[in-house]
Amino acid sequence: PLFASVAIAADRVFIAAGDRLAALPSRCGGARCGPVRVSRSPNTLYSALVANDRMVFVGTTSFPEPQNPANTVPALLAFLADCLPSSATGGCEPVWRGTGMEGFVEAAPTAAEGLVFLAMNSSDLESGVLYAFAQDCGREGETCEPLWSEPIDGTTGLSSPAVADGVVYLSAGGKLLAFDLRSGPSPDRTLLPMVIVGVAIVLAATAIWLRRRTGVL
């Protein structure tokens with residue numbers, strides 16, 4: 001697939017592409033390995049995914065009216081990494097489904113410190129929203145609402161949030177934004193203007209780099 005994302009958890013390789021999420025064994029004896037399971041949703045686009053030691057998180061954007069791409073229904077799906085489908089041809093159902101969001105998903109979610117963060121873009125690409133969910137907010141397919149959300153002036157593009165020392169960082173609208181991990185919106189939020197809008201944010205100790213193929217800021 002042209003746009004696909006890979007993550008590894010529970011000795012499985014997960015790949016999200018198009019309208020499906022597949023899991024394959026990390027080791028197999030043959031030249032070709034069949035999927036352990038596949039979750040598929042018609043008229044839905046899966047975003048890049050992220051996994052920790054026991055769960056896989058992926059954002060989705062559904063189009064109830066395919067002829068009207070502006071009408072979107074986004075969601076955040078959480079799967080157990082070691083789940084087993086009920087049949088040889090079936091897939092695993094999400095442990096929980098995050099709703100209560102608007103826009104569409106392009107970037108991968110970020111899982112850190114018991115939370116999952118997902119940045120959304122508006123249909124007109126003029127603004128966005130950052131959402132935070134609890135990693136264990138539901139069981140058996142329950143629906144979860146965000147713990148907090150923060151509107152963003154400017155699109156987040158393909159940028160995923162990064163987390164360090166209790167702060168969530170996000171590149172959006174030509175700025176680097178910082179949010180409190182637990183409460184989100186805060187009067188202490190910092191806005192740092194950028195000459196180059198990074199595709200990714202990498203944090204190490206107290207240093208922050210915004211990187212791109214064309215250079216480093």
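For the structure itself, consult the block above.
How each quantity is defined
- Residues numbered from 1 in each chain as written.
- Predicted model: local features only at pLDDT ≥ 70, side-chain atom pairs only at ≥ 80, totals over all residues.
- Heavy atoms only, no water.
- Helix = DSSP H or I, 4+ residues; strand = E, 2+ residues; numbered from the N terminus.
- Buried < 20%, exposed > 50% of the residue type's maximum accessible area, 1.4 Å probe, protein only.
- Contact = heavy atoms within 4.5 Å.
- Disulfide = S-S within 2.5 Å.
- Core = buried A, V, L, I, M, F, W, Y, C linked by side-chain atoms within 4.5 Å.
- Phe/Tyr/Trp six-rings, centres within 6.5 Å; stacked < 30°, edge-to-face > 60°.
- Salt bridge = Lys/Arg side-chain N within 4 Å of Asp/Glu carboxyl O.
- Pairing = 2+ DSSP bridges.
- Axes fitted to C-alpha atoms, helices over the stretch in contact; angles between N-to-C directions.

A word on the environment of valine 73. Tracing the sequence through the fold places valine 73 in strand 7 (residues 73-80). Taking the relative accessible area as the measure of exposure, valine 73 reaches 43% and is therefore partly exposed. Residues valine 73 and threonine 60, spaced 13 residues apart in sequence, show a C-alpha to C-alpha distance of 8.2 Å. If sequence neighbours within four positions are ignored, valine 73 has contacts with Thr60, Thr61, Ser62 and Pro64.

As a further point, take the state of the cysteines. Under the defined criterion, the tally for this structure stands at one disulfide. Across the disulfide, cysteine 137 is cross-linked to cysteine 144 (sulfur-sulfur distance 2.1 Å). Between cysteine 137 and cysteine 144 the sulfur-sulfur dihedral comes to about 105°; the bridge is accordingly right-handed. For cysteine 144, a relative accessible area of 4% corresponds to the buried category.

For the rest of this paragraph, the subject is the nonpolar core. Counting residues in hydrophobic clusters, the biggest one holds 16 residues, and the most contacted among them are Phe57, Leu76, Trp96, Met101 and Phe133. Looking at this core, the elements that each hand over two or more residues are strand 6 (55-62), strand 7, strand 11 (115-121) and strand 12 (127-134). One finds Ala9, Val56, Ala75 and Leu77 within the second-largest nonpolar core, a separate group that totals 14 residues.

The next point concerns the packing of aromatic side chains. Counting across every chain of the model gives four aromatic pairs. Between phenylalanine 57 and tryptophan 96, the ring centres sit 6.1 Å apart and the planes meet at 45°, which makes this aromatic pair tilted. Of the two residues, phenylalanine 57 sits in strand 6 while tryptophan 96 sits in strand 8 (residues 96-98), which places them 39 residues apart along the sequence. The two residues phenylalanine 57 and tryptophan 96 agree in class, both being buried.

Before going further, it helps to examine the pattern of salt bridges. Applying the stated rule across the entire model yields one salt bridge. Linking aspartate 136 and arginine 54 is a salt bridge whose minimum nitrogen-to-oxygen distance equals 2.5 Å. Of the two residues, aspartate 136 is situated in the loop between strand 12 and strand 13 (142-144) and arginine 54 in the loop between strand 5 (44-51) and strand 6; the sequence distance between them amounts to 82 residues. Here arginine 54 falls in the partly exposed class, since its relative accessible area comes to 37%.

Of note, the phi angle at glutamate 140 is positive, near 55°, even though the residue is not glycine. Take glutamate 140: it is sitting in the loop between strand 12 and strand 13.

The strand order across the open sheet formed by five strands is 5-6-7-8-13, and the pairing between neighbours is mixed. The strands lining the two open edges of the sheet, one partner per strand, are strand 5 and strand 13. Recorded for the sheet is a direction-independent mean angle of 25° between the axes of neighbouring strands. Relative to strand 7, strand 6 runs antiparallel, the two being bridged by eight bridges. Within the sheet, the bridge partner assigned to phenylalanine 57 lies in strand 7 and is alanine 78.

Attention now moves to the pairing of strand 5. Bridge analysis of strand 5 against strand 6 gives six bridges, and the strand direction is antiparallel. Bridge assignment links tyrosine 46 to a residue of strand 6, and that residue is threonine 60. In this structure, the hairpin formed by strand 5 and strand 6 is closed by a connection of three residues.

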